[in-house]
Amino acid sequence: QVQLVQSGGGLVQPGGSLRLSCAASGKLLTIYTMSWYRQAPGNQRELVAAITSNSNTNYQDSVKGRFTISKEDVKNTVYLQMNSLKPEDTAVYYCKMFLSHSYTAPSGDYWGQGTQVTVSS
């Protein structure tokens, strides 16, 4: 079974920083894309940042220049470094990996459990 476990998050003042981590475990063959999403109360889940297997990245416009997505392939882990945080960044953050775990089953999306990020003074 593939499992994604997130860590990090919490309460931070505006202008502060946080780092989120997400590690995949279990039988893995290939991780194609690693992404971070967030969902604020009353809003739909939205893509924040993504990184491909060859390290191409893309970001939501509102976080460009403030957030950085990175990965450690040997650890099957993706990170989201969040700087200059704003109250509007408050949300539950989820990691997602599009991966393959079997030669006989199709690749699919796997999600982390979510972690709360609150930006408030």
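Here the structure is a predicted model, which is why all the values come from computation and not from measurement.

1. A short note on the overall build of the chain
Of regular secondary structure, the chain possesses zero helices and eleven strands. Written out in order from the N terminus, the α and β elements of the chain read β-β-β-β-β-β-β-β-β-β-β. Its C-alpha radius of gyration of 14 Å places the chain within 12% of the 14 Å reference for a compact globule of 121 residues. Burial statistics for the chain: of 121 residues in total, 40% are counted as buried. Across the chain, the fraction of contacts at a sequence separation of at least 24, relative to all contacts at a separation of at least 6, is 54%. Split by element, the accessible area of the chain, about 6400 Å² in all, is 47% carbon and sulfur. Measuring between centres, the 10 positive side-chain charges of the chain sit 4 Å from its 7 negative side-chain charges.

2. A short note on the side chain of Arg38
Among the structural elements, Arg38 can be located in strand S4 (residues 30–39). Once residues lying within four places of it in the same chain are set aside, the contact partners of Arg38 are Gln44, Arg45, Glu46, Val48, Gln60, Ser62, Val63, Phe67, Asp89, Ala91, Val92 and Tyr93.

3. What to know about the pattern of salt bridges
Counting across every chain of the model gives seven salt bridges. Here Asp61 and Lys64 are joined by a salt bridge, their closest N and O atoms 3.0 Å apart. On the accessibility criterion, Asp61 (60% relative accessible area) is exposed. Of the charged contacts in the structure, one is a salt bridge between Lys96 and Asp109, with a shortest N-O distance of 3.7 Å. Here Lys96 is found in strand S9 (residues 91–100), whereas its partner Asp109 is found in strand S10 (residues 108–111), with 13 residues between them in sequence. Within this structure, Arg38, Glu46, Arg66 and Asp89 form a network of salt bridges that share partners.

4. Focus on the pairing of strand S8 (residues 77–82)
Counting buried residues along S8, five of its six residues qualify, which places the element largely inside the surrounding structure. By the bridge criterion, six bridges tie strand S3 (residues 18–25) to S8 in an arrangement that is antiparallel. Looking at the pairing, Leu20 lines up with Leu80 of S8. Direction of pairing for strand S7 (residues 67–72) relative to S8: antiparallel, over a ladder of six bridges. By the bridge assignment for S8, Lys71 is matched with Val78. Adjacent in sequence and paired antiparallel, S7 and S8 are bridged by four residues, among which Asn76 carries a positive phi angle near 50 degrees.

The rules behind each value
- Residues numbered from 1 in each chain as written.
- Predicted model: local features only at pLDDT ≥ 70, side-chain atom pairs only at ≥ 80, totals over all residues.
- Heavy atoms only, no water.
- Helix = DSSP H or I, 4+ residues; strand = E, 2+ residues; numbered from the N terminus.
- Rg over C-alpha atoms; globule rule 2.2 N^0.38 Å.
- Buried < 20%, exposed > 50% of the residue type's maximum accessible area, 1.4 Å probe, protein only.
- Contact = heavy atoms within 4.5 Å.
- Areas by Shrake-Rupley, 256 points an atom, 1.4 Å probe, with all protein chains shown as cover.
- Lys, Arg positive; Asp, Glu negative; His and termini not counted.
- Charge placed at Lys NZ, Arg CZ, Asp CG, Glu CD.
- Salt bridge = Lys/Arg side-chain N within 4 Å of Asp/Glu carboxyl O.
- Pairing = 2+ DSSP bridges.

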